[in-house]
Amino acid sequence: MPESLPPDLVALRECCERFARDVLMPRQAALAAGQVDEATVRVAVTQAARETGVFAMTQPKSFGGREAGPLALTVARDTLAGYNTGLDAYVFGPGPGVLAGCDEPLRSLYLHPLLAGEKRSGFAFTEPDDAEHFTRAVPTADGAFLVSGRKSYVTRGGDADFINTLVDVPGQGRALLVIDACSPGLSIERRFETLDGSHHVAFRFDAVRVPGDRMIGRPGEGLPRALGQIGDTRLAIAARAVGLSRWTIDFTRAHLQSPHHSGTSLSAREGVRLRYADMRIRTFAARSMVYRTARLGEAGANAINEGSACKVYATETLGEVVDSAIQLVGGKALTVGHPLERLYRQARALRTAEGASDVLRLSLARGDLDLGKGVL
Ligand SMILES: Cc1cc2nc3c(=O)[nH]c(=O)nc-3n(C[C@H](O)[C@H](O)[C@H](O)COP(=O)(O)OP(=O)(O)OC[C@H]3O[C@@H](n4cnc5c(N)ncnc54)[C@H](O)[C@@H]3O)c2cc1C
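Please read these numbers as outputs of a predicted model, since none were measured by experiment. (Residues numbered from 1 in each chain as written. Predicted model: local features only at pLDDT ≥ 70, side-chain atom pairs only at ≥ 80, totals over all residues.)

(A) Here's a closer look at the site of the ligand. In the region of the ligand, 17 residues are neighbours, and Phe125, Thr126, Thr155, Ala353 and Ala356 sit closest. Only strand S1 (121-124), strand S3 (145-155) and helix H9 (357-369) provide two or more residues apiece to the shell around the ligand. Here the residues of the shell around the ligand sort into ten nonpolar, five polar and two charged. (Near = placed C-beta within 6 Å. Helix = DSSP H or I, 4+ residues; strand = E, 2+ residues; numbered from the N terminus. Nonpolar A, V, L, I, M, F, W, Y, C, P; charged D, E, K, R; others polar.)

Given below as C-alpha cells:
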C-alpha cells in the first residue's frame, strides 16, 4: 500500500513531489501562458529529470541506468501524475522496449542510440481493418526480407528513426523486425491526431528490403515479445491513472468547498456527497490494487494478469471519476482548455491504447480458466 513504503521509496516520493512543484508546475504555467513552446519545455524537463536521477529509473543498469523495480516506478508515476501537469511523459528516459536483451548489430545500431535519446522508435502492431493480408516479410535468397503491407496506428511514427514492426514470415510465424524509417518503399499513408492530443501515422510497406540481422529474436517469437512489451506498460498506465484520479478528487474537493451561486456550498448537499464518496471509493480501490500488483512484481511473481486487471480498473475508474467531476463542477468544466475537459479526452484514450478493456478482460478470464494463473 502507498502508506507502508520503505524509507528509500518515501524519499523517492518526496523527490518526485519537489520535482513536480519546482520543475513541472512552473513550466506547465509558462506553456499555458504561451511564454515557451513545447519543445523547449521538453528539453528543460528532461535535463532536470536527468539531474535528479528520475530519468534513469526506466533505463537498464547495463547502460548506466537505475533500472528501478515496479514498486519504485509506481511510486514515481503515481506521484508525478498527481500534479496533472501533462509533462510527466518527458521525465522518464526511453526504456529498451522490445529491444531489451537484443544482440549485435541491433544493440549498437538501435538500442544504444535509443537509450541515449539519439534515435526515436515507433511500434507498428495494429493492422488496418481493410488489410488484404497481415504485413508480410518474405525471405530473400541472400538472407534479407522483403516487407509488404500496412500498419494503421503508430504513435509518433512521423518522428521515428526506426519502426519495430510485427510481421508475418510465411510458414514460420510472427516476427519483430527493426525497420529504418528512411528505407526505400516505406511511406506514410496518413497522419492523424487523436482526441487525447497525441500524434500518429499509418505506414505503407512496398517491398521494403530489410537485412536479416534486423530481426529481434526468431520467427514465431514476435507476438509474445510484442505482447510482453505492451504488458510492461500496463502497470505504468494504471499508476498514472490513479495519480490523475487523485488530482481530480483534489480539484473537485476544492470546488465543492468553495462558495456556490445558490448560497449553499455544494459540499453540504447530500446527493453531491454521495457522488463524491463514489469517486473516492473507486480511487482508493484502484490505488490499492496498483500498489499490491507492484509489490507482487517486486517479489518476482508473474503479475501479468494483475497488471491487466489494474489497467482495466484504473483507467475505467479515471474515466468515471473525471466524468463525475465534470458533472459536479458544471458547465465551466466543459469549456475547451479547462483541465477537466482536457483530462476527459486523455482518460478516454487510455481505455483503448495498449490493450482495449474488453480484450484484457478476455485475456484475464483465459489466464484463470484455461491456464490457472492469477491471484485475488
Ligand atoms: C492513443 C492510442 C495510441 C496507440 N498507439 C499505437 C501504437 O503505437 N502502435 C500500434 O500498433 N497501435 C497503437 N494503437 C492502436 C491500439 O493498439 C488499437 O486501437 C487497439 O489495440 C484496438 O485495436 P483496433 O483499433 O484494431 O480495434 P479492434 O481490434 O477492431 O477492436 C475494437 C473493439 O472491439 C472489441 N473487441 C475486439 N476484439 C475483441 C474480442 N476478441 N472479444 C471481445 N471484444 C473485442 C473491443 O471493445 C475493442 O475495443 C493506439 C491506440 C490509441 C487509442
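(B) Quick look at the packing of helix H7 (residues 304-329) against H9. Put simply, H7 and H9 touch, their axes get as near as 9 Å, and they point 150° apart. Seen along the crossing, H7 lies across H9 with a hand that is left-handed. Across the interface between the two elements, Asn305, Ser308, Ala309, Lys311, Val312 and Glu316 of H7 pack against Ser357, Leu360, Arg361, Ser363, Leu364 and Gly367 of H9. Looking at the contact of H7 with H9 residue by residue, the class counts come to four nonpolar, five polar and three charged. (Axes fitted to C-alpha atoms, helices over the stretch in contact; angles between N-to-C directions. Left-handed = near helix turned anticlockwise from the far one by under 90°. Contact = placed C-beta atoms within 7 Å.)

(C) The arrangement of the environment of Gly271 in detail. Looking at where Gly271 falls in the secondary structure, it is placed in helix H6 (residues 270-298). Distance in space between the C-alpha atoms of Gly271 and Thr126 is 44 Å, their sequence separation being 145 residues.

(D) Region of interest: the domain arrangement of the protein. Domain boundaries assigned for the protein yield domain 1 (7-95), domain 2 (103-216) and domain 3 (224-369). Look at where the C-alpha atoms of domain 2 and domain 3 centre, and you get two points 32 Å apart. Across the boundary between the two partners, domain 2 contributes seven residues, which contact six residues of domain 3. (Domains from an automatic or database assignment.)

(E) Just the pairing of S1, in detail. Neither face of S1 is left uncovered, since the one carrying Ser121 and Phe123 and the one carrying Gly122 and Ala124 both have all their residues buried. Here S1 runs beside strand S4 (residues 162-169); their pairing, made up of four bridges, is parallel. Following the sheet pairing, Phe123 is matched in S4 by Asn164. (Buried ≥ 20, exposed ≤ 12 C-beta atoms within 10 Å, placed from the backbone. Pairing = 2+ DSSP bridges.)

(F) Just helix H2 (residues 38-52), in detail. Over its 15 residues, H2 extends 21 Å from the first C-alpha to the last, a length consistent with the 21 Å expected when each residue adds 1.5 Å. Of all the residues in H2, the buried ones are Val41, Val45 and Ala49. Taken end-on, H2 shows its buried residues confined to a sector of 60°, consistent with a single buried face. Turned more than 90 degrees off the buried face of H2, the exposed positions are Ala39, Val43, Gln47 and Glu51. On its buried face, H2 sits against helix H1 (7-32). Gly53 sits one or two positions beyond H2 and adopts a positive phi of about 95°. (Expected span 1.5 Å × (residues − 1). Arc of directions from axis to C-beta.)

(G) Quick peek at unusual backbone geometry. Following Glu104, the chain continues to Pro105 via a peptide bond in cis, the omega torsion being 5°. Position of Pro105 relative to the elements: it lies in the loop between helix H3 (70-81) and helix H4 (106-115). You will see that Arg156, though not glycine, has its phi angle at about 55°, which is positive. Here Arg156 lies in the loop between S3 and S4. Even without being glycine, Glu354 reaches a positive phi, approximately 60°. With respect to the element layout, Glu354 can be found in the loop between helix H8 (339-350) and H9.

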